[in-house]
Amino acid sequence: ARSALTDLRPQPDDIAADAVTGLSRTPKALPSKYFYDAEGSRLFEAITRVPEYYLTRTELALLEDKLPAIAQAIGPGAHVVEYGSGSGRKTELLLEHLRDPVAYTPIEISRTAVLDATARLSVHFPQIEMLPVCADFTKPLTLPKASQRAQRTVVFFPGSTLGNFANDSAQALLAGMRQTMGPNGCALIGVDLDKDTALIEAAYNDAAGVTAAFTLNLLARLNREIGSDFDLEAFRHHAVYVRERLRIETCLVSQRAQQVHVAGKTFAFAAGEAMQVEYSHKYTDASFATLAESAGLKVTHGWNDARDWFGLRLLQP
Ligand code: AVJ
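So, here's what we can say about the structure. Quick caveat: nothing in here was measured; it's all calculated off a predicted structure.

The rules behind the values
Residues numbered from 1 in each chain as written. Predicted model: local features only at pLDDT ≥ 70, side-chain atom pairs only at ≥ 80, totals over all residues. Heavy atoms only, no water. Near = heavy atom within 4 Å. Polar contact = N/O pair within 3.5 Å; in protein donor to acceptor, adjacent residues only side chain to side chain. Areas by Shrake-Rupley, 256 points an atom, 1.4 Å probe, with all protein chains shown as cover. Helix = DSSP H or I, 4+ residues; strand = E, 2+ residues; numbered from the N terminus. Buried < 20%, exposed > 50% of the residue type's maximum accessible area, 1.4 Å probe, protein only. Pairing = 2+ DSSP bridges. Phe/Tyr/Trp six-rings, centres within 6.5 Å; stacked < 30°, edge-to-face > 60°. Lys NZ or Arg CZ within 6 Å of the ring centre and 35° of its normal. Axes fitted to C-alpha atoms, helices over the stretch in contact; angles between N-to-C directions. Contact = heavy atoms within 4.5 Å. Expected span 1.5 Å × (residues − 1). Bend = angle between axes of the 7 residues up to and from the residue. Core = buried A, V, L, I, M, F, W, Y, C linked by side-chain atoms within 4.5 Å.

**Looking at the site of the ligand**
So, point 1. If you check the shell around the ligand, you find 14 residues, and the closest are Tyr53, Asn164, Tyr204, Glu278 and Ser280.
So, point 2. At 2.5 Å from an oxygen atom of the ligand is found a side-chain nitrogen or oxygen belonging to tyrosine 53.
So, point 3. One of the side-chain N or O atoms of asparagine 164 is found 3.0 Å from an oxygen atom in the ligand.
So, point 4. For the ligand, the accessible surface in isolation is 350 Å², of which the surrounding protein chains cover 95%.
So, point 5. Among the secondary structure elements, those contributing two or more residues to the shell around the ligand are helix H2 (38-47), helix H8 (210-226) and strand S12 (274-281).

**Examining the pairing of S12**
So, point 1. Taken across its eight residues, S12 has six buried, putting it largely inside the fold.
So, point 2. With seven bridges joining them, strand S9 (residues 247-254) and S12 adopt antiparallel strand pairing. From the neighbouring strand, threonine 250 faces S12, where its bridge partner is glutamate 278.

**Here's the deal with the packing of aromatic side chains**
So, point 1. Summed over the entire model, instances satisfying the criterion amount to 14 aromatic pairs.
So, point 2. For the ring pair tyrosine 53 and tyrosine 204, a centre distance of 5.9 Å and an interplane angle of 75° mean the geometry is edge-to-face. Of this pair, tyrosine 53 sits in the loop between H2 and helix H3 (55-74) while tyrosine 204 sits in the loop between helix H7 (197-203) and H8, placing them 151 residues apart in sequence. Taken individually, tyrosine 53 and tyrosine 204 each receive the classification buried, so the pair is uniform in this respect.
So, point 3. Arginine 247 extends its terminal NZ or CZ atom over the ring of tyrosine 279, reaching a point 3.8 Å from the ring centre.
So, point 4. Positioned above the aromatic ring of tryptophan 309 is the side chain of arginine 307, whose terminal nitrogen or guanidinium carbon lies 3.8 Å from the ring centre.

**Digging into the sheet that holds S12**
So, point 1. Pairing in this open sheet of three strands is antiparallel, and the strands run S8-S9-S12 from one edge to the other. If you trace the sheet from one side to the other, it starts and ends with strand S8 (235-242) and S12, each paired once. The mean angle between the axes of side-by-side strands here comes to 20°, regardless of whether they run parallel or antiparallel.
So, point 2. Taken strand by strand, H8 contacts S8, S9 and S12, and its axis lies near 120° from that of S8.

**Focus on the environment of leucine 315**
So, point 1. When you line up the elements, leucine 315 lands in strand S14 (residues 310-316).
So, point 2. Taking the relative accessible area as the measure of exposure, leucine 315 reaches 0% and is therefore buried.
So, point 3. Along the primary structure leucine 315 and valine 154 are separated by 161 residues, whereas in three dimensions their C-alpha atoms are 9.7 Å apart.
So, point 4. Apart from the residues within four sequence positions on either side, leucine 315 is in contact with Leu174, Met181, Gly185, Cys186, Ala187, Ile189, Phe288, Ala292, Leu297, Lys298 and Val299.

**Topic: H3**
So, point 1. For H3, built from 20 residues, the straight-helix expectation of 28 Å at 1.5 Å per residue is missed by more than 12%, its first-to-last C-alpha distance being only 24 Å.
So, point 2. At lysine 66, H3 shows its largest bend, some 65°, and a proline, proline 68, comes one to four positions later.
So, point 3. Following H3 by one or two positions, glycine 75 has its phi on the positive side, about 85°.

**Considering the nonpolar core**
So, point 1. Leu30, Phe230, Phe235 and Met275 are the most contacted members of the largest nonpolar core, which totals 62 residues.
So, point 2. Looking at this core element by element, the count peaks at seven residues for H3.
So, point 3. Once you skip the residues sitting within four places of it in the chain, phenylalanine 235 turns out to touch Leu216, Leu219, Phe230, Leu252, Val253, Ser254, Gln255, Gln258, Val260, Phe269 and Met275.
So, point 4. Formed by 27 residues, the second largest nonpolar core is a distinct cluster that contains Phe165, Ala170, Tyr283 and Ala292.

Take a look at the structure:
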């Protein structure tokens, strides 16, 4: 199987500029995309194993249970295009169950991550053409062309990663997927569902404090990479479910009045001031259908676990 990298040369992140922009807002904010340095990715893996964080294990069980039906709905000859490349076991399960999958394309900013993903999978799936793409999937993309045997492009976006995007960016991302899949394509998207507030809040406030460490690592990363001087002892993780907006809103709360220096600028925090760092949207059938429609897509199939905690949705133009 071929494994040449298509490098669309994504614009490198300007962490310092993005941090200064966010800290200059009212209320202050930092972009959640910066959670995932090596330590942040390790901490996220640890989150998926804490008992309160039901998302990953529920989605995996759902895939194991429903993939025969999902594969039936998708049909043969798929070119699977994954937005991101961090879902290892989920991708394997999908490729194992599809009928005659032809090609696999992970899309990721990190060159090493896409190459690792295809190298690992090519061992299990020597018959599948591996076409890794280094790109920013939130920007317009042109994919490498798969073999003529490919009948259909299937965008795979598991993990409720869509939930980390505010509604306007989620809509833009889905519209980009519609371009990527083409008129005959589809998208298989994992979404965390609206449910009892206590269950959702527990998942983002685990007793062992792994999620708190994950959130605070954002400040540690900025200190490491752009030389800021956030005092990690002086900020506390705070995550609440805001039902009117169907989302977990995670912030870091300043424990005292303090000043922080970032890229030559000084930012003052009041005692108790909250800085917004992450959204994790949850969906109802209605809210997800509305979001999909706003991007020109229809929800044609849906599969939930027995408790209706997590869902997989198949979207088509
Ligand atoms: C990356 C979307 C799966 O929002 O649930 C986990 C990231 N943040 N705990 C989510 C996360 C805090 C996560 N996803």
